[in-house]
Amino acid sequence: MALNQSDINSYLEKQKKRQELIHYFVSFVLMILFTVLAFVAVMLRDSINDYLIAVFIVTMAVVQVVFQLYYFMHMKEQDHGFPTLFLYSGAAVAFLTVISFVSIVWIS
Amino acid sequence: MTTSAITVREEKQGFLPWLWMWLTTVDHKKIGILYLCGAGLFFLIGGIEAILIRIQLSVPQNDFLVGSTYNQVMTMHGTTMIFLAAMPAIFALLNAVVPLQIGARDVAFPFLNALGFWLFFLGGLILNVSWFLGGAPDGGWTAYAPLSTEFLGSGMDFYILGLQVAGAGTLMGGINFLVTIINMRAPGMTFMRMPLFTWTALITSALILFAFPALTVGLFFELFDKVFGANFFNSVNGGNGVIWEHIFWIFGHPEVYILILPAFGVISEVVPTFAKKRLFGYTSMVFATVLIGFLAFMVWVHHMFTVGLGPMANSLFAIATMAIAIPTGMKIFNWMFTMWGGQVHYTTANLFAVGFIPTFVLGGVTGVMLAVPAADFQYHDSYFVVAHFHYVIVGGVVFGLLAGLFYWWPKMFGKFLNEKLGKVTFWFFFFGFHVTFFPQHFLGLMGMPRRYFTYLKGDGLATGNMISSLGAIGMAIAIILLLINIVMTTANGKKAKGDAWGFGRTLEWSIPSPAPEYNFAQTPLVKGIDPLWKAKMEGSHKVTPAEPLGDIHMPSSSILPFLMSLALTVASFGFIYADQSGTALNAGSLIFAGIGVALLFLMMLIHSLKDDHGYHIHKHEIIEAEREAE
Ligand SMILES: [Cu+2]
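For clarity, every value in this text was computed on a predicted model and none was experimentally measured.

What counts and what doesn't
- Residues numbered from 1 in each chain as written.
- Chains lettered and ligands numbered in written order.
- Predicted model: local features only at pLDDT ≥ 70, side-chain atom pairs only at ≥ 80, totals over all residues.
- Heavy atoms only, no water.
- Helix = DSSP H or I, 4+ residues; strand = E, 2+ residues; numbered from the N terminus.
- Expected span 1.5 Å × (residues − 1).
- Bend = angle between axes of the 7 residues up to and from the residue.
- Buried < 20%, exposed > 50% of the residue type's maximum accessible area, 1.4 Å probe, protein only.
- Polar contact = N/O pair within 3.5 Å; in protein donor to acceptor, adjacent residues only side chain to side chain.
- Phe/Tyr/Trp six-rings, centres within 6.5 Å; stacked < 30°, edge-to-face > 60°.
- Lys NZ or Arg CZ within 6 Å of the ring centre and 35° of its normal.
- Contact = heavy atoms within 4.5 Å.
- Buried area = accessible area lost by both parts, 1.4 Å probe.
- Nonpolar A, V, L, I, M, F, W, Y, C, P; charged D, E, K, R; others polar.
- Domains from an automatic or database assignment.
- UniProt positions renumbered as here; feature names shortened; annotations may be inferred.
- Core = buried A, V, L, I, M, F, W, Y, C linked by side-chain atoms within 4.5 Å.
- Salt bridge = Lys/Arg side-chain N within 4 Å of Asp/Glu carboxyl O.
- 1 Å grid on protein atoms, 1.4 Å probe; cavity = no way out; pocket = protein on both sides within 12 Å on 5 of 7 lines; lining within 4 Å.
- Points joined across faces, edges and corners; volume = space filled by probe spheres on them.
- Donors = N, O, S within 2.8 Å, 3.2 Å for Na, K, Ca; no water.

K.L.:
I would appreciate a short explanation of the environment of Val36 of chain A in the present structure.
P.N.:
Here Val36 of chain A lies in helix H1 (residues 5-43). Along the primary structure Val36 of chain A and Asn49 of chain A are separated by 13 residues, whereas in three dimensions their C-alpha atoms are 19 Å apart.

Next up, the structure:
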């Protein structure tokens, strides 16, 4: 065989790196796009319902957070179980807090 | 690593080197002892406050402590006992035991560990010097707004900033133990092989991580309202006081589980050890612990049933609260099944553990009663609630902590506490406790409200209060006996071997007492639950090591944690004296606060820039130390 194992490994490594770089670029462009969309939505506030805009902006924000966490902070890779667990638990507690503040702060 | 290993560690004599050693230590075992001393000091202060309360309430229309003075003593009793006695006592046990139980040489962040302790201790001092600087906090340990932000004096400033500093220390401690337990377990110690005390430490640390930020944010809101004239909780200007109640109890309910879970952990270690049986239902115990931790965040509204959040919210939170009785009940039965058929040795530690079970069940039962919203409208803010939470916090947390203290004392100090005196302590404490708090259930049902400084002759509350006050004497005697015990045995107590009680099961008993500064000469290899017991059953006295004997890397001690905490204390006093209640802020004090904050950042900069590689303990030194310990 002309190819030995280390050659194959280094080739795979390079492929993986390239793949990762493409992921970075794509998610970076998408994030800029989402930001622009959010701004556009606010600019069109005369013709669109306010609540719809709010929901749209928050959705864009959530998607961006997910991109940030998974692609830029490596949460999609292996051995990130505990950070993931604690992140989601923390998010759940924070969500619960916010929900209670907007729903049951005073006599319902 | 090619660090120029500095191994000059000869013990210098004299007071100043001794003081310097304690101020700069980053060794988790020494920090554990510091936490214990700090907790002990504040426990005595809080205990004296409790006695003062009982003196005032012993007879009707007493004028020993009246009005605001009573409010101050009552507030400081609660705040001190929760934040400055129970919390650090738990960190004392965590520091003393958890790294040893998981076969680690230290905690994950030794520097942070020291910082956590000094923040707690100086935060506690900030709170307590308020007695001499214009009056202590008097808004109750819950500091409900807008009462505490708009209508009370400078005492509440000390509450806000003292707890902010102490709370930061607790948060650091929680993160530290979370990382330690996840990352630093010995080879072979999977999660399902961890001792149950370590499991409860893990869940408690997670609860600290999620609960304390709520307190931090809430206290900042109160600080802004009180000092800078913001209106978060001021309804006159569009704020909302109920938000404080939510924030406080989103923190406050997990807080009580932060306290009780390690106590559960202690019982789960003490009961199997002294029954000479492995813990019954280990897996279900782990499951129950995790479930309690999860449910802790779903139930805070049971403290607010009478606020008027509506039947929907009240019913949901009532059901969630009652659900907690299920995992707790699992634990109670598992402990009883552990003892069933075992050779139960009634040492002092085990007496406290066995006494814990019925006492805590009583507190749990009243807890379920309080979880019924319709009934809670009767119980709310009455002495029934006072009786309930003293049953779970004294009857649960303090019993557990005392069991742990007697159990691990030989491991921490290398000497036993006197068992005879310890048993007398237990009986005084047990009966003193029940005589004090059992009548309070009935006082509450008869209509005695909590936090009132007196009651009238014709109210029919005199007998119950008198009995309650007499019971407090029993608890005081128990604590005095414990102090005598500590002093006596420190002077000349029985020396403890590595496996101090003779039937240790977990890794901390496989090393000398007290543990050498490097803990394990060789990291152990864990092959199952209760590795030491397993090794003993296989006829060997040592747990198999996972590595050859070699040099051990150690972190070097540092004065920076102490100085950082001091800087934050300076900043806190600046903010406390900036508050001029309504009039313009005191600019001089604000500059003072700014200096404190600047010093803190300077210290952080120094810590970041200074390269510290620690030092090594060499192989021959370890061999020598191990031989000496045998
Ligand atoms: Cu609660």
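This is not the end of the story, as more comes after the structure.
K.L.:
So what exactly am I meant to see when it comes to helix H8 (residues 241-275) of chain B here?
P.N.:
The periodicity of an α-helix, 3.6 residues per turn, causes residues three or four positions apart to be oriented the same way. All names here are of chain B. Taking 1.5 Å of rise per residue, the 35 residues of H8 would be expected to cover 51 Å, and the 51 Å separating its terminal C-alpha atoms lies within 8% of that figure. Roughly 25° is the biggest bend found in H8, and it falls at Trp249. With 33 of 35 residues buried, H8 lies mostly within the body of the structure. The opening residue of H8 is Asn240, an N-cap whose side-chain oxygen sits 2.9 Å from the backbone nitrogen of Val242. A positive backbone phi angle near 50° is found at Lys276, which sits one or two residues after H8.

K.L.:
How should I be thinking about the packing of aromatic side chains in this particular structure?
P.N.:
Two measures describe an aromatic ring pair: the distance that separates the ring centres and the angle between the ring planes. Residues and elements named next belong to chain B. Counted according to the given criterion, the structure contains 69 aromatic pairs over all chains. Note on Tyr379 and Phe384: the rings are 4.4 Å apart at their centroids and 20° apart in plane angle, and the pair reads as stacked. By relative accessible area, which is 3% here, Phe384 ends up buried. Centre to centre, the rings of Phe399 and Phe429 are 5.6 Å apart; their planes meet at 50°, and the pair counts as tilted. In this pair, Phe399 sits in helix H14 (residues 383-413) while Phe429 sits in helix H15 (residues 419-445), placing the two residues 30 residues apart along the sequence. Of the residues examined, Phe429 reaches a relative accessible area of 3% and is grouped as buried. Every member of this aromatic cluster is reached through a ring pair, and the members are Phe352, Tyr391, Phe399, Phe406, Phe426, Trp427, Phe429, Phe430, Phe431, Phe433 and Phe437. A cation sits over an aromatic face here: Arg185 above Phe191, 3.8 Å from the ring centre. Above the plane of the ring of Phe416 lies Lys494, whose end atom (NZ or CZ) is 4.7 Å from the centre.

K.L.:
Even after reading the chapter, I still don't get the interface of chain B and chain A, so can you show me in this structure?
P.N.:
It is common to report an interface's size as the accessible area lost on association of the parts. Taken together, the contact between chain B and chain A spans 21 residues of the former and 14 residues of the latter. Between chain B and chain A, roughly 1,500 Å² of surface is buried when both sides are summed, and carbon and sulfur atoms account for 83% of that area. Between chain B and chain A we count zero residue pairs in polar contact (both at pLDDT 80 or more) in total. If you list the elements that add at least two residues to the side of chain B that touches chain A, you get helix H6 (155-183), helix H7 (196-227), H8 and helix H10 (311-323) of chain B. Sort the elements by how many residues they give to the side of chain B that touches chain A and H8 of chain B lands first, with five residues. Partitioned by chemical class, the residues of the side of chain B that touches chain A number 17 nonpolar, four polar and no charged.

K.L.:
Honestly, the domain arrangement of chain A in this entry has me stumped. Any pointers?
P.N.:
Residue and element names in this part refer to chain A. If you check the domain split of chain A, you get domain 1 (1-77) and domain 2 (78-108). Computed from C-alpha atoms alone, the centre-to-centre distance between domain 1 and domain 2 is 24 Å. Facing seven residues of domain 1, the contacting portion of domain 2 comprises six residues. It is Tyr70, Met75 and Glu77 that lose the most area in domain 1 upon contact with domain 2, and together they represent 76% of the buried surface on that side. The interface formed by domain 1 and domain 2 contains zero residue pairs in polar contact (both at pLDDT 80 or more). Across the side of domain 1 that touches domain 2, the residue classes break down as four nonpolar, one polar and two charged.

K.L.:
I would appreciate a short explanation of the UniProt feature "domain: Cytochrome oxidase subunit I profile" (unreviewed entry) in chain B in the present structure.
P.N.:
UniProt annotation of "domain: Cytochrome oxidase subunit I profile" (unreviewed entry) refers to residues 16-527 of chain B when read in the numbering used here. Between the C-alpha atoms that bound residues 16-527 of chain B there is a distance of 45 Å. The span itself is 69% helix and 0% strand.

K.L.:
Help me understand the nonpolar core, please; the structure alone is not making it clear to me.
P.N.:
Inside soluble globular proteins, nonpolar side chains tend to come together where they are buried. Residue and element names in this part refer to chain B. Among the nonpolar cores identified, the biggest contains 179 residues, and Tyr159, Trp335, Phe356 and Phe429 are the most heavily contacted of them. With 19 residues, H8 is the largest single contributor of residues to this core. Apart from residues no more than four positions distant in its own chain, Trp335 is found in contact with Phe264, Ile267, Ser268, Val271, Leu279, Met285, Phe356 and Ile357.

K.L.:
Would you explain the pattern of salt bridges in this entry?
P.N.:
For side chains of opposite charge, pairing can occur when their charged atoms come near one another. Residues and elements named next belong to chain B. Here the structure, examined in full by the defined rule, presents seven salt bridges over all chains. The residue Lys29 makes a salt bridge to Asp27 at a minimum N-O spacing of 3.1 Å. On the basis of relative accessibility, which here comes to 13%, the residue Lys29 falls in the buried class. According to the relative accessible area criterion, Asp27 is buried, its value standing at 13%. Among the ionic pairs, Asp381 bridges to Arg450, the shortest N-O distance being 3.8 Å.

K.L.:
Teacher, can you tell me more about empty space enclosed by the protein here?
P.N.:
Remark: the empty space left among the atoms is shown by a probe the size of a water molecule rolled over them. Residues and elements named next belong to chain B. Evaluation of the coordinates by the stated rule reveals two cavities of 30 Å³ or more. The calculated volume of the largest cavity comes to roughly 150 Å³. The wall of the largest cavity is formed by 15 residues, among which Ser268, Glu269, Pro272, Leu279 and Asp530 lie closest to the centre. With four residues, H8 is the largest single contributor of residues to the lining of the largest cavity. By residue class, the composition of the lining of the largest cavity is eight nonpolar, three polar and four charged. Taken as a whole, the second largest cavity spans an internal volume of roughly 80 Å³.

K.L.:
What exactly am I supposed to notice about the coordination of the copper ion here?
P.N.:
In an ideal octahedron of six donors the angles at the metal are 90 or 180 degrees, and in an ideal tetrahedron of four donors they are 109.5 degrees. All names here are of chain B. Those donors, His253 (ND1), His302 (NE2) and His303 (NE2), are the protein atoms that reach the copper ion, and they lie 1.7 to 2.0 Å from it. Each donor residue of the copper ion lies on one chain, and together they are spaced H-x48-H-H. With His253 in helix H8 and His302 in the loop between helix H9 (282-295) and H10, this pair connects stretches of sequence that are 49 residues apart. Classification of His302 by relative accessible area gives buried; the value is 14%.

K.L.:
What's the story with the UniProt feature "transmembrane region" (unreviewed entry) in chain A in this structure? I'm lost.
P.N.:
All names here are of chain A. In the numbering used here, UniProt assigns the "transmembrane region" (unreviewed entry) feature to residues 21-45, 51-73 and 85-107. Note that residues 21-45 is 92% helix and 0% strand, and that its end C-alpha atoms are spaced 37 Å apart. Overall, residues 51-73 shows 96% helix and 0% strand. The separation of its end C-alpha atoms is 31 Å.

K.L.:
Quick question: what am I supposed to make of the side chain of Thr79 of chain B here?
P.N.:
Residues and elements named next belong to chain B. On the secondary structure map, Thr79 appears in helix H3 (residues 68-101). Note on Thr79: relative accessible area 0%, which makes it buried. The contact partners of Thr79, leaving out residues within four places of it in the chain, are Leu84, Leu127, Trp141, Tyr159 and Leu163.

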